[in-house]
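Results of the structural survey
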Amino acid sequence: MTDMNTEYTVSVDNEVIEFMKKMDKKELKLDIVLTGGGCCPFFDVSEIELAKPDQPDLYDMYEEADIKLNISKKTKVIEPILHFKLKETFGGEMIYVEGLDVKQQYFED
């Protein structure tokens, strides 16, 4: 699925869709946040939340399988496909995305 305003496509694994349905969530928000300062260098990190954006005009919106994906217009996509996947972690499962130019990824629900 392609948005007219961007030069990439978005792909969402079925595991992500099933995870969101299990959590009873229908919207995902991908933000890019600047972190660091003080003694640490500044760098961008991605944050994924299962929530609606407060300012929808700052996001590109995609839909797949009744799931809305809100992607910050600040996102630096470096691959032709922005790919959302589910990863097993020591604390359970988390959604992450491939195809970004960031140092680190965080997930919040």
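Summarised in this report is the structure supplied together with it. (Residues numbered from 1 in each chain as written. Predicted model: local features only at pLDDT ≥ 70, side-chain atom pairs only at ≥ 80, totals over all residues. Heavy atoms only, no water.)

Scanning the protein chain for helices and strands turns up one helix and eight strands. Going residue by residue from the N terminus, the α and β elements of the protein chain occur as β-α-β-β-β-β-β-β-β. Taken over 109 residues, the protein chain has a buried fraction of 39%. Of the contacts formed within the protein chain by residues at least 6 apart in sequence, a portion of 56% connects residues at least 24 apart. Carbon and sulfur atoms make up 48% of the accessible area of the protein chain, which amounts to about 6800 Å² in all. (Helix = DSSP H or I, 4+ residues; strand = E, 2+ residues; numbered from the N terminus. Buried < 20%, exposed > 50% of the residue type's maximum accessible area, 1.4 Å probe, protein only. Contact = heavy atoms within 4.5 Å. Areas by Shrake-Rupley, 256 points an atom, 1.4 Å probe, with all protein chains shown as cover.)

So, on to the sheet that holds strand S6 (residues 81-89). Taken together, three strands build an open sheet; the order of strands is S1-S6-S7 and the sheet is mixed. Strands with a single pairing partner mark the edges of an open sheet, and in this sheet they are strand S1 (9-12) and strand S7 (92-98). Across this sheet, the average inter-strand angle for adjacent strands is 25°, counted without regard to direction. Sheet topology note: the S6/S7 ladder contains seven bridges and is antiparallel. Paired with Glu88 across the two strands is Glu93, which belongs to S7. (Pairing = 2+ DSSP bridges. Axes fitted to C-alpha atoms, helices over the stretch in contact; angles between N-to-C directions.)

On to the pattern of salt bridges, then. For the structure on display, the rule yields four salt bridges. Across the salt bridge formed by Glu93 and Lys22, the nearest N and O atoms sit 3.4 Å from each other. On the criterion of sequence distance, the pair formed by Glu93 in strand S7 and Lys22 in helix H1 (residues 14-22) is long-range, its members being 71 residues apart. Between Glu98 and Lys85 there is a salt bridge, with its nearest N and O atoms 3.2 Å apart. In this pair, Glu98 sits in strand S7 while Lys85 sits in strand S6, placing the two residues 13 residues apart along the sequence. What makes Glu98 partly exposed here is its relative accessible area of 33%. (Salt bridge = Lys/Arg side-chain N within 4 Å of Asp/Glu carboxyl O.)

Right, let's talk about the packing of aromatic side chains for a bit. Here the structure, examined in full by the defined rule, presents one aromatic pair. Relative to Tyr62, the ring of Tyr8 has its centre 6.1 Å away and its plane inclined at 40°; by these criteria the two rings are tilted. With a gap of 54 residues between them, Tyr8 in the segment before S1 and Tyr62 in strand S4 (residues 59-64) connect regions that are remote in the sequence. Summarising the burial analysis for this pair, Tyr8 and Tyr62 share the class buried. (Phe/Tyr/Trp six-rings, centres within 6.5 Å; stacked < 30°, edge-to-face > 60°.)

All right, on to the pairing of S1 then. The two faces of S1 differ: Val10 and Val12 on one face are buried, but Thr9 and Ser11 on the other face are not. Strand direction decides the pairing type here: S1 and S6, joined by four bridges, are parallel. Its bridge partner being in S6, Thr9 is matched across the sheet by Ile81.

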